[in-house]
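Letter by letter, the chains look like this.
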Amino acid sequence: MKARRLLWQLYPSYLLLILLLLLAVTWYVSVELRAFHYQQTKLDLRARTTLVEQQLASRIAHAQGGQLDSLIRRLGEKSGTRITIILPDGQVLADSREAPHLMDNHRTRPEIARALKGEEGVSIRFSNTLGQTLMYVAKPAVVDGRIIGCVRTAIPMTAVERTLSSIYPKIAGGGLLIAVLAAIGCLWLSRRLSQPLEQMEMGAQRFARGELALPLNVSGSKEMRRLGEAMNQMAKELAQRIEMVSDQRNEIEAVLASMSEGVLAVDNEERILRLNQAAKSLFAVSDNPPQGKQIQEVIRQADLQLFVRRALSSVERTEEELVFRGRQECYLHAVGSPLYSAARERIGVLVVLHDVTRLRRLESLRRDFVANVSHELKTPITAISGAVETLLDGGAEDADTAEKFLRITSKQADRLNALVEDLLDLSRIEQGGAEGGWVLTREPIAPVLESARQACDALAKKADVEITSTCQEQLVARIHPPLLEQAVVNLLSNAIKYSNPGGRVVLEALSRDEMVIIKVQDYGCGIEEKHQARLFERFYRVDKARSRQLGGTGLGLAIVKHAVQAHRGEVTVVSQPGSGSTFTILLPNR
Ligand code: ADP
C-alpha cells in the first residue's frame, strides 16, 4: 500500500473527529433546545391555567356556561390561548374557540382524565376540533375542597415549532462556520505537526546523499528539537568517520601508488579487487578501473594466472619466480599471501610482484664477465706455460729457440698486464661512480687533448699514423681530467691501431648547443653496422685475432663508455667499412 504524507494522514482524522464532535454538539443542543422550549411552554400554560382556574372556579361551580363562554373567548383571544372549561362528567362547559354543544365529551382526554382525578394533566396531541397539534395543560377547579370541573389551556405546537425552526438554521449556520474554522485550524495544526518531520526527512535524505556539511534547522517541539540535534550529531560523527576512512584510503592509495612493486589483490572467484599503478604498467593494463573483472580478462599471462590459482588454494605464503615473455623478457618475483576480512574470513589473495629483471640481467652479465675474464686470462697463461715448458724441456739450450720462447713469454706477460690494468681501470671507474660519483670541475679541454695526444705519439709513430689535433679556444667543461684523458687515449689508440700505415687520425674538440664535442676520426678499416651497437660491451671485438695481435684487451671501449658516463655524457660511433670511423664524446657544458 502506498504510504500517504503525514499531513494527509493527520488532517482528515482531525477533521473527521471535529466534524463528528460538532455534529454531536449540534444535535444535543437542538434536542435540549426543543426540550427547553417545551418545558417553557408547559410552565407558561401551567401559569395561565392556574390563573384561569383561580378566576373562574366559582363561576364553574354555578355552571354559568353562557357567561363563561364569552369571558373565555375574550381571555383566549387576548392571551392567544385556547381555554376550555370541562365539567366533572366530561362535558365541555365553555371553550374559547368552539361552541361547547358541538364538542364531544372530553372525559377520556388524557389531560382531562388526570385533572378530574385532582392532578395536573399535560398532553401533546392532535386536536380534531382545531385540526392541528396542541399542547394541553389541565388543572382541576377546586371549590371548598371539591373538584367541580377542570380548566384546560392549550396552545398550538406550530408556534413552538416555528420558534424552533427559526433557531435551527442559526445553529446550523454557526455549526458550519465552526466547521470551516475547524477545517482551517486542523490544516494549520496538521501542517505544524508534519512540517518539522518533512524538514527532518529532507535533511535525512540530504545526509543520505552525503551532503553532511549543512546541519538541519533545529526547531519545533522539544521532541523535534531533540531529534534534529541527534541527527545533526549523527551527521557530524558520520562526516568525521568518512573523513577518517577516506584519509586512511588515501594513505593506502598513496602507499600502493608509490610502490615500485606491482600489487594485485584477487578475490576467491579470481576477480580483481585492486591493482596498483606499478602492476598496471607492468601488464600494460589501460587506465579504466579493472576492479571486479576476472584476472584472465585483464592480464593475459598464463604463468600469473596459475600462480594466483595456486596461491588461492594455499593457506601459506606462496613464492615463485615468473618469467613474462612480452615485448621484453621480464623476470618477476611473485609473493602471494592470503587475504582475510575483518571477520577473519578468507576473501582472496594479495600478490606482490617484484621486478627482478635488472637483477637477473646483472647476474647474467656478471657470469658472462667472469667467464670472459677467465677465458682472456687463460689464453696468455696457457701460452706462457707452454713456452716455459718448451724452455724447460731443452728449448733453452738452443739460443734462438730460447729467445723466441722468451719473447712469447714476455709478450703474453705484457698482454696479461694490459688485461689486468684494463680490468683495474674499469673497476676503478665503476667504483668511483658507485661511491657518489666522480668529482667534476670546470677545466679547459685543450690540455686534456694535448696530453692524450702525447701519450699516443709513440704508438702513432710506430704505426706510421699522423695525428692532427684541433681544439676550440677557451673550451671548458665540467670534467675529471685524468678520466677524460684515459677515454680519449683509448679512442686515439684504437684509431691508430685500426688505421692503415701512412694514415691520419683527427682529434677535434668544439662546443655546440651547450655541449662539448670531442671527436676522434680515422680513415682506417671502419666497422660494419651490425657490430656498432655492441662495440662498447666488455670483451666485444669485431675481429678477435686482429685485436689480440694488436695487443687489444676488448675492454678499451667499455672503459670509454664508463668514463664518459661518469661525466654524465655519452659516446657514439659513426663508421663506414673501408672508409673509417668517427667516435664522438658528448659532454654537457653546464
Ligand atoms: P680492443 O682492445 O680490441 O681494441 P676495444 O673495446 O677498444 O677493444 O674495441 C672493441 C672492438 O671495436 C675492437 O676489437 C675493434 O674490432 C673495434 N674498433 C674499435 N675502434 C675501432 C676503430 N677505430 N676502427 C675500427 N674498429 C674499431
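Scroll up to find the structure.
Rules and cut-offs
Residues numbered from 1 in each chain as written. Predicted model: local features only at pLDDT ≥ 70, side-chain atom pairs only at ≥ 80, totals over all residues. Heavy atoms only, no water. Helix = DSSP H or I, 4+ residues; strand = E, 2+ residues; numbered from the N terminus. Rg over C-alpha atoms; globule rule 2.2 N^0.38 Å. Areas by Shrake-Rupley, 256 points an atom, 1.4 Å probe, with all protein chains shown as cover. Lys, Arg positive; Asp, Glu negative; His and termini not counted. Charge placed at Lys NZ, Arg CZ, Asp CG, Glu CD. Buried < 20%, exposed > 50% of the residue type's maximum accessible area, 1.4 Å probe, protein only. Near = heavy atom within 4 Å. Polar contact = N/O pair within 3.5 Å; in protein donor to acceptor, adjacent residues only side chain to side chain. Nonpolar A, V, L, I, M, F, W, Y, C, P; charged D, E, K, R; others polar. Axes fitted to C-alpha atoms, helices over the stretch in contact; angles between N-to-C directions. Parallel < 35°, antiparallel > 145°, perpendicular 65-115°, else oblique. Left-handed = near helix turned anticlockwise from the far one by under 90°. Contact = heavy atoms within 4.5 Å. Pairing = 2+ DSSP bridges. Core = buried A, V, L, I, M, F, W, Y, C linked by side-chain atoms within 4.5 Å. Domains from an automatic or database assignment. Expected span 1.5 Å × (residues − 1). Bend = angle between axes of the 7 residues up to and from the residue. Disulfide = S-S within 2.5 Å.

**Focus on the overall build of the protein**
Step number 1: What the protein contains, in helices and strands, is 15 helices and 17 strands.
Step number 2: A globule of 590 residues ought to have a C-alpha radius of gyration of about 25 Å, yet the protein, at 66 Å, is considerably larger.
Step number 3: For the protein, the C-alpha atoms occupy an extent of roughly 210 × 60 × 35 Å along the three principal directions.
Step number 4: A total accessible area of about 34,500 Å² is found for the protein, and carbon and sulfur atoms account for 55% of it.
Step number 5: Computing the positive centroid from 75 side-chain charges and the negative centroid from 69, the protein places the two 15 Å apart.

**Thoughts on unusual backbone geometry**
Step number 1: If you check the backbone angles, D464 has positive phi at about 55° while not being a glycine.
Step number 2: Relative to the elements of secondary structure, D464 occurs in the loop between helix 11 (446-463) and strand 12 (466-471).
Step number 3: Residue classification places D464 among the partly exposed positions, given a relative accessible area of 47%.
Step number 4: Here R568, not a glycine, exhibits a phi torsion of approximately 60°, which is positive.
Step number 5: Residue placement: R568 occurs in the loop between helix 15 (556-566) and strand 16 (570-576).
Step number 6: Exposure remark for R568: the relative accessible area of 60% places this residue in the exposed category.

**Observations concerning the site of the ligand**
Step number 1: Taken together, 22 residues surround the ligand, and among them N494, D522, S547, T553 and L557 come closest.
Step number 2: One of the backbone nitrogen or oxygen atoms of G554 is found 3.0 Å away from an oxygen atom of the ligand.
Step number 3: Taking L557, its main chain carries an N or O atom lying 2.8 Å from an oxygen atom of the ligand.
Step number 4: For the ligand, whose unbound accessible area comes to 520 Å², protein coverage reaches 98%.
Step number 5: Secondary-structure elements contributing two or more residues to the shell around the ligand are helix 12 (481-497), helix 15 and strand 17 (580-588).
Step number 6: With 3 residues, the top contributor of residues to the shell around the ligand is helix 12.
Step number 7: Residue composition of the shell around the ligand, by class: 10 nonpolar, 8 polar and 4 charged.

**Quick notes on the packing of helix 9 (residues 357-392) against helix 10 (residues 399-434)**
Step number 1: Packing of helix 9 against helix 10 brings their axes to within 8 Å, and their N-to-C directions diverge by 160°. In terms of axis orientation, helix 9 runs roughly antiparallel to helix 10. As helix 9 packs across helix 10, the resulting crossing turns out to be left-handed. Residue-level contacts link F369, V373, E376, L377, T379, P380, I381, A383, I384, A387, T390 and L391 of helix 9 to A402, F405, L406, I408, T409, Q412, A413, R415, L416, L419 and L423 of helix 10.
Step number 2: Its residues placed into classes, the contact of helix 9 with helix 10 shows 17 nonpolar, 4 polar and 2 charged.

**Some words on the pairing of strand 10 (residues 346-355)**
Step number 1: Summarising the sheet, strand 6 (residues 262-267) and strand 10 pair through 6 bridges and their orientation is antiparallel. Bridge pairing in strand 10 places V263 opposite V352.
Step number 2: Both strand 9 (residues 329-340) and strand 10 contribute to a ladder of 9 bridges, which runs antiparallel. Across the sheet, V335 pairs through a bridge with V352, a residue of strand 10.
Step number 3: Between strand 9 and strand 10, which pair antiparallel and follow one another directly, the connecting turn spans 5 residues, one of which, R344, has a positive phi of 60°.

**Some thoughts on the nonpolar core**
Step number 1: Judged by nonpolar contacts, the single largest core of 51 residues is most densely connected at I445, V488, L492, I518 and I585.
Step number 2: In terms of residue count, helix 12 provides more of this core than any other element does, 9 residues in total.
Step number 3: Mapping this core onto the domain boundaries places at least three of its residues in each of domain 3 (360-433) and domain 4 (438-588).
Step number 4: If we ignore the near neighbours within four places in the chain, the residues touching V488 are L449, A452, L507, I518 and I585.
Step number 5: Of all hydrophobic cores here, the second largest spans 23 residues; its members include F283, V298, L304 and L312.

**Focus: helix 11**
Step number 1: An ideal rise of 1.5 Å per residue puts 26 Å on 18 residues; helix 11 measures up with 24 Å between its terminal C-alpha atoms.
Step number 2: If you look at helix 11, its biggest bend is around 45°, right at D457.
Step number 3: Those residues of helix 11 not exposed but buried are V448, L449, A452, C456 and A460.
Step number 4: In this structure, the buried side of helix 11 is in contact with strand 11 (441-444), strand 12, strand 13 (476-479), helix 12, strand 14 (504-512) and strand 15 (515-522).

**With respect to helix 10**
Step number 1: With 36 residues, helix 10 extends 51 Å between its outermost C-alpha atoms, agreeing within 8% with the 52 Å of an ideal straight helix rising 1.5 Å per residue.
Step number 2: Of the residues one or two after helix 10, G436 is the one with positive phi, at around 90°.

**Brief notes about the state of the cysteines**
Step number 1: Here the structure, examined in full by the defined rule, presents 0 disulfides.
Step number 2: Cysteine C471 is unpaired, with the sulfur of C456 as its nearest cysteine sulfur at 16 Å.
Step number 3: Looking at C471, the relative accessible area reads 27%, which means it is partly exposed.
Step number 4: Left unpaired, C525 is separated from the closest cysteine sulfur, that of C456, by 17 Å.
Step number 5: When its relative accessible area of 30% is taken as the criterion, C525 is described as partly exposed.

**Quick look at the sheet that holds strand 14**
Step number 1: Here we have 5 strands laid out as an open sheet, ordered 12-14-15-17-16, and mixed in their pairing. The open sheet has two edge strands with one neighbour each: strand 12 and strand 16. Going across the sheet, the axis of each strand differs from the next one's by a mean of 15°, ignoring polarity.
Step number 2: The strands that helix 11 touches are strand 12, strand 14 and strand 15; relative to strand 12, the one it contacts most, it runs at about 180°.

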